Amino acid sequence: MSEQTNENPQQYPEQLSDVLLVMDKEKKKIQAVTGVDENGNLKTVDANKKNQSQFMRVDRAGDLFTNFFSNFWRQLKAPTHLSFFKVPAKEAVETAKEMQKQVDAPTKEGEAVMTKHEVKEPKEQQQETKKDVEAPQATPETQQAQEKSEYRYKAEDVDWNYLAQFGINKERLEKDGQLDLLLKGYKTNKVYPTSVNFGAVIMRSDARLGFQDGEVGKPVLMMYGVRHEPNLKAPFFGHEFTKEDRENLLKTGNMGRVVELTNRKTGEKIPSIISIDHLTNEVIAFRQDRIKVPDEIKDVKLTEDQKRDLKDGKAIYLEGLDFKNSTNKNAHVQFNADKKYTEFLFGDKAPKQTQENDPKMFRNKVFSDEQYKQLTEGKTIYVSDFKDGKGNPYKGYVTLNKETGNFDFSFKNPNALKNKAQPAEAHKTQVAVNSNGKTNEATKHVNEPLKPEQKRPKNKTQQQRQNDPNRSAKSKGVRR
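Numbering of residues begins from 1 in every chain and follows the order in which that chain's sequence is written. The predicted nature of this model means local features are confined to residues of pLDDT at least 70 and side-chain atom pairs, given and counted, to a pLDDT of 80 or more, with totals for whole chains, interfaces and linings taken over all residues. Water and hydrogen atoms were dropped before computing side-chain values, which therefore reflect all heavy atoms in the structure.

What follows covers helix α10 (residues 304-311). Burial in α10 covers these residues: Gln-306, Lys-307 and Leu-310. Down the axis of α10, the buried set is contained in an arc of 100 degrees. They therefore lie on one face. Check the buried side of α10 and you find it contacts β14 (296-297), β15 (300-301), β16 (316-318), β17 (331-336), β18 (341-345) and α11 (369-376). Helix and strand assignments come from DSSP, with helices taken as H or I runs of at least 4 residues and strands as E runs of at least 2, each series counted from the N terminus. Phi for Gly-313, located one or two positions after α10, is positive at around 85 degrees. The buried label goes to any residue with under 20% of its type's maximum accessible area, the exposed label to any with over 50%, and the partly exposed label to all in between, with areas taken from a 1.4 Å probe on protein chains only. In this description, the arc belongs to the directions extending from the helix axis to the C-beta atoms. In this analysis, two residues are considered to be in contact whenever any of their non-hydrogen atoms come within 4.5 Å of each other.

This is how it looks when you write it as structure tokens:
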């Protein structure tokens, strides 16, 4: 909510307006709402006659109030510890007194009053999630019908005059290339300034737009207001976010795992993945059984293990991607619940993994399935895209050490070095005779050092010396 304007409330027909009362669940006090400040904090006053002129009043008409409260809720920094109540303006003060009595000393009669006026968390706030978490599974017939039709809605079925009240213009949407997205059942991929004039209150906010099915089959506008931050402290359809969940969502926008969410109507546990709408900071879920994983991404064919990881909400690392306008060919890929398709994670969004939780990783490099297969088979692989701590590239050879289970690195091919280091048979003989004092039948009487590649006496003189049994004593200068 970027701006609220309170005009003279007396100019607005009291019999057509409602007042919002609120109870802070921690303070246990009923007050009247006057607005929301620029930081998303709720502004309130005591619900007495003295402050009546400051009460926020809204049109009690169903659709108008629904849109108002939806946007109002989204602008609040921490709405979950608050309970709201909608009461007729002329009864606001007296009803607030009754509610306060109920808070101080609960009775069945007082509980009925609270229930009658309570305003629940707006349905449209989690409409996308409810559609996926609570909607029944589509039959093959309905699914085929949806796939045949590219568009879910028709432009002529939209009440554009009504939407103009909120600052929504068909021509603007068409020019921005957003109309097609809306008619296909997606949300806009940008936010728009919207406004609602309630007479006594003019509300302006930025919101992402979308269509939902109305009661008579006509598309109804949904405004997804921009939040200050995602609400990851409160339970989400029964799921309590762990520290790791919150870190993943805030870093990559995806939680990275499948969790069971509870259908509030039936109690059914539904395996789902969770992401953050990066434009509005709304928490979005998507049923795992509706995730569609492609066979290949950017000309890289996915293995069955990679497909399974994507359906489990995990990020996978792909190499050799066919990015037309980029020299970078490698990236992490992950399924996004809000976008309903796989997205690329670059830079700070890319998940940091360690070799402890990823056996395919070495020196921040994740090996492809084929590379890892070769390593486990005892082969040496050449890796050309290692990066040091400063991001500078370097190359080298990697081998899996089967004794330690760790990877060994070398700038030179260890196999080539090994082959090069293997001495020829002639050289072995030379080293054995010259350095180690050993002999064989051909060299047992040769005292001169053998030349390289020499295994036998090289001439007659050396041959005669070898055959002379007294040669050893003479050469040592032994006197007889």
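Now, onward.
Moving on: the confidence of the model for the chain. For every residue, the pLDDT score states the predictor's confidence, bounded by 0 at the bottom and 100 at the top. In the predicted model, the chain carries a mean pLDDT of 76, and 69% of its residues have values of at least 70. The least confident element of the chain, judged by mean pLDDT, is strand β1 (residues 3-6) at 38; the most confident is strand β12 (residues 269-276) at 94. Note on residues 1-15: pLDDT is under 50 here. Beyond four places in sequence and across chains, it has 40 contacts. In the model, residues 134-149 has pLDDT below 50 throughout and makes 15 contacts with residues more than four positions away in sequence or in other chains.

It is worth spelling out helix α3 (residues 108-117) at this point. Those residues of α3 that fall on the buried side of the exposure criterion are Gly-110, Met-114 and His-117. What you see down the axis of α3 is that its buried residues fit within an arc of 80 degrees, all on one side. When the buried face of α3 is taken as reference, the exposed residues oriented beyond 90 degrees from it are Lys-108, Glu-109, Thr-115 and Lys-116. Tucked into the core, α3 has its buried residues touching β2 (17-24), β6 (82-88), α2 (92-104) and β7 (118-119).

Membership of the largest hydrophobic core comes to 18 residues, with the highest contact counts inside it found for Leu-173, Leu-209, Phe-211 and Leu-221. Those elements giving two or more residues to this core turn out to be α6 (160-163), α8 (179-183), β8 (191-197), β9 (201-213) and β10 (219-225). Those residues in contact with Leu-209 that lie beyond four places of it in its chain are Ile-168, Leu-173, Leu-182, Tyr-186, Lys-187, Thr-188, Tyr-192, Thr-194, Leu-221, Met-222, Met-223 and Tyr-224. In these notes, a set of buried Ala, Val, Leu, Ile, Met, Phe, Trp, Tyr and Cys residues joined through side-chain atoms within 4.5 Å is what counts as a nonpolar core. With 17 residues, the next largest nonpolar core counts Ile-30, Ala-47, Val-87 and Ala-92 among its residues.

To continue, consider the pairing of β18. Inspection of the sheet shows β17 paired to β18 by five bridges, in the antiparallel sense. Bridged to Val-333 within β18 is Phe-344. Linking β17 back to β18 in an antiparallel pair, the connection comprises four residues, with Lys-340 at a positive phi of about 65 degrees. Strands are treated as partners if at least two bridges between them are detected by DSSP.

On to the packing of α2 against α3, then. Axes are the key here: two packed helices are described by the angle between their axes and the distance separating the axes. One can describe the packing of α2 onto α3 by two numbers: an axis separation of 9 Å at closest approach and a directional angle of 125 degrees. On the basis of the axis angle, α2 is oblique to α3. In this structure, α2 meets α3 at a crossing whose hand is left-handed. Two secondary-structure elements touch here, α2 through Thr-95, Glu-98, Met-99, Gln-102 and Val-103 and α3 through Gly-110, Glu-111, Val-113, Met-114 and His-117. Gly is placed with the polar residues, together with every amino acid not listed as nonpolar (Ala, Val, Leu, Ile, Met, Phe, Trp, Tyr, Cys and Pro) or charged (Asp, Glu, Lys and Arg). Looking at side-chain class alone, the contact of α2 with α3 contains four nonpolar, four polar and two charged residues. Only the contacting stretch of a helix is used when fitting its axis, a line to C-alpha atoms as for every element, and angles between N-to-C directions run 0 to 180 degrees. The cut-offs work like this: below 35 degrees is roughly parallel, past 145 is roughly antiparallel, 65 to 115 is roughly perpendicular, and the gaps in between are oblique. By definition, any crossing whose near helix is turned counterclockwise from its far helix by less than a right angle is left-handed, and any crossing with a clockwise turn is right-handed.

With that settled, consider unusual backbone geometry. One non-glycine residue, Asn-281, lies in the positive phi region at around 70 degrees. With respect to the secondary-structure elements, Asn-281 resides in the loop between β12 and β13 (283-287). For Lys-298, which is not glycine, the phi torsion reads 50 degrees and is therefore positive. Mapping Lys-298 onto the fold places it in the loop between β14 and β15. Since its relative accessible area comes to 39%, Lys-298 is described here as partly exposed.

A word on the environment of Lys-29. As for its placement among the helices and strands, Lys-29 is situated in strand β3 (residues 29-36). Accessibility expressed as a relative area gives 39% for Lys-29, which makes it partly exposed. Along the sequence, Lys-29 and Gln-100 sit 71 residues apart, while their C-alpha atoms lie 6.6 Å from each other. Ignoring sequence-local partners within four residues, the contact set of Lys-29 consists of Val-22, Met-23, Asp-24, Asp-46 and Gln-100.

Bringing the side chain of Gln-100 into the picture now. Relative to the elements of secondary structure, Gln-100 occurs in helix α2. The class of Gln-100 is buried, set by a relative accessible area of 18%. Discounting chain neighbours no more than four positions away, the residues touching Gln-100 are Lys-28, Lys-29 and Ile-30.

With that settled, consider the sheet that holds strand β11 (residues 259-262). The strand order across the open sheet built from three strands is β11-β12-β13, with neighbouring strands paired in antiparallel fashion. Pairing within the sheet leaves two strands with one partner each, and these edge strands are β11 and β13. Adjacent strand axes in the sheet meet at a mean angle of 60 degrees when their direction is disregarded. Where β11 lies against β12, four bridges are found, and the strand directions are antiparallel. Along β12, the bridge assignment pairs Glu-260 with Pro-271.

Reading across from one edge, β16-β17-β18 is the order of the three strands in this open sheet, with antiparallel pairing throughout. Strands at the two margins of the open sheet, each flanked by one partner only, are β16 and β18. Within this sheet the neighbouring strands show an average axis-to-axis angle of 40 degrees, counted without direction. Summarising the sheet, β16 and β17 pair through three bridges and their orientation is antiparallel. Paired with Tyr-317 across the strands is His-332, a residue of β17.

Okay, the environment of Ile-168 next. By secondary structure assignment, the location of Ile-168 is in the loop between α6 and α7 (170-175). When the C-alpha atoms of Ile-168 and Tyr-192 are compared, they prove to be 8.2 Å apart, with 24 residues separating the residues in sequence. In contact with Ile-168, other than residues within four places in its own chain, are Leu-163, Leu-173, Thr-194, Leu-209 and Leu-221.

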